[in-house]
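Each chain is listed here by its residues.
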Amino acid sequence: MFFLSIALLLLGTCALFGIVAAQVSFNAFLGNVIVDSQIDGTIGSEWDDASKYSNAVINPKGTAEVWIKHDGSNLYLAVRFNVDSSNPWVAVQFASITCMSNNTDGALFGHDEYAPDGYRDIHFGGIGVITIDAVQNGVGAISVDSSNVVTVELKKPLNSGDIDGRDIAWLTGSTYTVVVMWDSNGDGSSGGSTSHNAVMTVLNSRTVFLNPEAIPEFPIEIAASFMVASLVYVIIFKRKKLKSKS
Ligand SMILES: [Ca+2]
Ligand SMILES: [Ca+2]
């Protein structure tokens, strides 16, 4: 009974702090501003107050680490994952789980044709139709390291007012959809064998809850201390029990 209680308590602690949150929706808490210069394709301390997720399923395959938050004026999203090329592109689609859904806002990174030098604010017009917004909103960056780990960072206004660009007027307390897609085999990319055309219907997606609150103080030290103390207690308890039996 004691061990069951400890196990349940630990499980509850993990769930509470998102350690087993790989398949749950993203919670974008209120955090500090990230200045434009820190949107540089490198994950730094600017993401320390963001929610972080591991093993988020992306399209057409693979999983990614994801960081997400907002500052009341901008949404911040970072995605990092392994690719099979030094020249992939990465796209983020907002608000639909259907690939390139008509009238859907998006962000494109590193596409040889549409976004060769980094980020473009785009919208989708159905399968195969990408439009670069006349008014570019937000800041983005992509980098690929020598191990083919790609990192994208995006800072996007919560309410740019760009209706033509299909930008969403994000509201705190509301939930949205985000889809991540990548490609490496020649359709705006090169050097790999991953085709985004492998998935053209319903995509792996996540919902994003735009939380009006800041992330709760994450007492990782407290949680770690608690786990260590629990283990020590269990060991002592077990040894005492064994001694009393012998
Ligand atoms: Ca950065
Ligand atoms: Ca747009």
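Computed from a predicted model, the values in this text were never measured in an experiment. (Residues numbered from 1 in each chain as written. Chains lettered and ligands numbered in written order. Predicted model: local features only at pLDDT ≥ 70, side-chain atom pairs only at ≥ 80, totals over all residues. Heavy atoms only, no water.)

### Notes on the overall build of the protein chain
Moving on, step 1. Helix and strand counts for the protein chain stand at two helices and 12 strands.
Moving on, step 2. Mapped from its N terminus to its C terminus, the protein chain presents α and β elements in the order α-β-β-β-β-β-β-β-β-β-β-β-β-α.
Moving on, step 3. The proportion of buried residues among the 246 residues of the protein chain is 44%.
Moving on, step 4. Within the protein chain, contacts between residues separated by at least 24 positions form 62% of all contacts whose residues are at least 6 apart in sequence.
Moving on, step 5. About 12300 Å² of surface is accessible on the protein chain, with carbon and sulfur atoms providing 58% of the total. (Helix = DSSP H or I, 4+ residues; strand = E, 2+ residues; numbered from the N terminus. Buried < 20%, exposed > 50% of the residue type's maximum accessible area, 1.4 Å probe, protein only. Contact = heavy atoms within 4.5 Å. Areas by Shrake-Rupley, 256 points an atom, 1.4 Å probe, with all protein chains shown as cover.)

### Things to note about the coordination of the calcium ion (ligand 2)
Moving on, step 1. Coordination of the calcium ion (ligand 2) by the protein comes from Asp-105 (OD), Asp-121 (OD), Ile-122 (O), Asp-133 (OD), Gly-165 (O) and Asp-167 (OD), over a distance range of 2.2 to 2.9 Å.
Moving on, step 2. Of note, the calcium ion (ligand 2) draws all its donor residues from one chain, in the sequence arrangement D-x15-D-I-x10-D-x31-G-x1-D. One end of the pair, Asp-121, is in strand S7 (residues 119-124); the other, Gly-165, is in the loop between strand S10 (149-157) and strand S11 (175-183), with 44 residues separating them in the sequence.
Moving on, step 3. Overall, Asp-121 belongs to the buried group, its relative accessible area being 0%.
Moving on, step 4. Judged by its relative accessible area of 2%, Gly-165 falls in the buried class. (Donors = N, O, S within 2.8 Å, 3.2 Å for Na, K, Ca; no water.)

### Points about a nonpolar patch on the surface
Moving on, step 1. Together, Val-228, Val-232 and Ile-236 give the surface a local cluster of nonpolar side chains, amounting to about 250 Å² of exposed area.
Moving on, step 2. In this fold, Val-232 is placed in helix H2 (residues 220-245). (Patch = residues over 30% accessible without salt bridge, like charges linked within 9 Å, V, L, I, M, F, W, Y side chains within 5 Å. Salt bridge = Lys/Arg side-chain N within 4 Å of Asp/Glu carboxyl O.)

### Details of the nonpolar core
Moving on, step 1. Grouped together as the largest cluster of nonpolar side chains are 31 residues, with contacts concentrated most on Phe-81 and Trp-170.
Moving on, step 2. Once residues within four sequence positions are removed from consideration, Phe-81 is found in contact with Ile-58, Thr-63, Ala-64, Val-90, Asn-148, Val-149, Val-150 and Trp-182.
Moving on, step 3. Of all hydrophobic cores here, the second largest spans 13 residues; its members include Ala-91, Ile-122, Val-179 and Val-199. (Core = buried A, V, L, I, M, F, W, Y, C linked by side-chain atoms within 4.5 Å.)

### A look at the coordination of the calcium ion (ligand 1)
Moving on, step 1. For the calcium ion (ligand 1), every protein donor is listed as Gln-38 (O), Asp-40 (OD), Thr-42 (O), Glu-46 (OE), Glu-153 (OE) and Glu-153 (OE), and the spread of their distances is 2.2 to 2.5 Å.
Moving on, step 2. If you look at the calcium ion (ligand 1), its six donor atoms make angles of 52 to 165 degrees with each other, and the shape they trace is irregular.
Moving on, step 3. In primary-sequence terms, the residues that donate to the calcium ion (ligand 1) follow Q-x1-D-x1-T-x3-E-x106-E. Linking Asp-40 in the loop between strand S1 (26-30) and strand S2 (51-57) with Glu-153 in strand S10, this pair joins segments that are 113 residues apart in sequence.
Moving on, step 4. By relative accessible area, which is 0% here, Glu-153 ends up buried. (Tetrahedral: all angles 85-135°; square planar, octahedral: opposite > 155°, others 65-115°.)

### Regarding the pairing of S7
Moving on, step 1. Summarising burial for S7: five of the six residues are buried, a large majority.
Moving on, step 2. Pairing of strand S6 (residues 104-109) with S7 involves six bridges; the strand directions are antiparallel. Paired with Thr-104 across the bridge in S7 is Phe-124.
Moving on, step 3. Hairpin remark: S7 followed by strand S8 (residues 130-132), antiparallel, with five residues in the connecting loop; positive phi at Gly-126, about 105 degrees. (Pairing = 2+ DSSP bridges.)

### Quick word on the side chain of His-123
Moving on, step 1. Mapping His-123 onto the fold places it in strand S7.
Moving on, step 2. For His-123, a relative accessible area of 8% corresponds to the buried category.
Moving on, step 3. A distance of 2.7 Å separates polar atoms of two side chains, one belonging to His-123 and the other to Asp-133.
Moving on, step 4. With residues near it in sequence (within four places) discarded, His-123 still touches Thr-104, Asp-105, Gly-106, Val-129, Ile-130, Thr-131, Asp-133, Asp-164, Gly-165 and Arg-166. (Polar contact = N/O pair within 3.5 Å; in protein donor to acceptor, adjacent residues only side chain to side chain.)

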